[in-house]
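What follows is each chain in one-letter form.
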Amino acid sequence: MADYTSTPSIGQLHENSCWAASLAWFLKQDTGGRPSWSQQDVIGKFKNNLTTDGALIGDYLANLWSQDQRLKMSTRVHATPDAELASLPLGSKPVCIAFKHITGFAHMNVIWGLGGDDVMCMEPYWPFPGANGKRTGRFVKRKLEHFNYGDNVVLAWANPSNTSTTATPADAG
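A few points on the structure. Quantities reported herein were computed from a predicted structural model and do not represent experimental measurements.

**Considering the pattern of salt bridges**
Taken as a whole and assessed by the stated rule, the structure comprises five salt bridges. One salt bridge connects Asp-118 with Lys-141, and the closest N-O pair in it is separated by 3.9 Å. With a gap of 23 residues between them, Asp-118 in strand 4 (residues 118-123) and Lys-141 in strand 5 (residues 138-143) connect regions that are remote in the sequence. Classification of Asp-118 as buried rests on a relative accessible area of 16%. Across the salt bridge formed by Arg-142 and Glu-123, the nearest N and O atoms sit 3.1 Å from each other. With Arg-142 in strand 5 and Glu-123 in strand 4, this pair connects stretches of sequence that are 19 residues apart. What makes Arg-142 buried here is its relative accessible area of 14%. Here the residues in one salt-bridge network are Asp-117, Asp-118, Lys-141 and Lys-143, joined through shared partners.

**Here we look at the sheet that holds strand 5**
Strands sit in the order 1-6-2-3-4-5 across an open sheet of six strands; the sheet is antiparallel. In this open sheet, the two strands that pair with only one neighbour each are strand 1 (73-79) and strand 5. Strand after strand, the sheet turns through a mean of 30° between neighbouring axes, direction not considered. Here six bridges tie strand 2 (residues 95-100) to strand 3 (residues 106-115), and the two strands are oriented antiparallel to one another. When the sheet's bridge partners are listed, Val-95 is paired in strand 3 with Ile-111. Running at roughly 35° to strand 3, helix 1 (residues 18-27) makes contact with strand 1, strand 2, strand 3, strand 4, strand 5 and strand 6 (152-158) of the sheet. Relative to the sheet, helix 3 (residues 58-67) contacts strand 1, strand 2, strand 3 and strand 6, its axis offset from that of strand 1 by approximately 160°.

**Digging into the packing of aromatic side chains**
Applying the stated criterion across every chain yields a total of eight aromatic pairs. Between Phe-99 and Phe-147 the ring centres are 4.7 Å apart and the planes differ by 85°, which places this aromatic pair in the edge-to-face class. With Phe-99 in strand 2 and Phe-147 in the loop between strand 5 and strand 6, this pair connects stretches of sequence that are 48 residues apart. Each of the two residues, Phe-99 as well as Phe-147, counts as buried. Taken together, Tyr-4, Trp-25, Trp-112 and Phe-139 form an aromatic cluster joined through their ring pairs.

Conventions and cut-offs
Residues numbered from 1 in each chain as written. Predicted model: local features only at pLDDT ≥ 70, side-chain atom pairs only at ≥ 80, totals over all residues. Heavy atoms only, no water. Salt bridge = Lys/Arg side-chain N within 4 Å of Asp/Glu carboxyl O. Helix = DSSP H or I, 4+ residues; strand = E, 2+ residues; numbered from the N terminus. Buried < 20%, exposed > 50% of the residue type's maximum accessible area, 1.4 Å probe, protein only. Pairing = 2+ DSSP bridges. Axes fitted to C-alpha atoms, helices over the stretch in contact; angles between N-to-C directions. Contact = heavy atoms within 4.5 Å. Phe/Tyr/Trp six-rings, centres within 6.5 Å; stacked < 30°, edge-to-face > 60°.

Rendered as structure tokens:
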């Protein structure tokens, strides 16, 4: 299994840019012809899909990234809370996961399977509470249960062909 922690984590620039930090870090992992965008680049590319406070509009995520041919990604929504969360189709490669944090806010990490219900995460909101523009992000091992709140999670993963609607992250890993 590859050690993705050799690429430094990316801390989010402000309270609502976890999605941009996660995508910027993800793009450094499996380039496959994907752009190498900084977090600022990512925010600029999707500025028309943001709320006034810089959050990515959640309803757009599942379609926006899979339809952007530059990213070569697929997305899928999985219902939660769900006893089957441990059976998410995670492979060994990084997958962006948008989820509802136990405290109620929407958040994103990049995760990859470690076996069983353990995943390694690139967590962009660190240090907590930290200061805008000063976060570094970190790597942390978590249980899949950490993501099992709210109504669903959205997974986004590398899909070189960007054509299949039935592929899963495990198929790509």
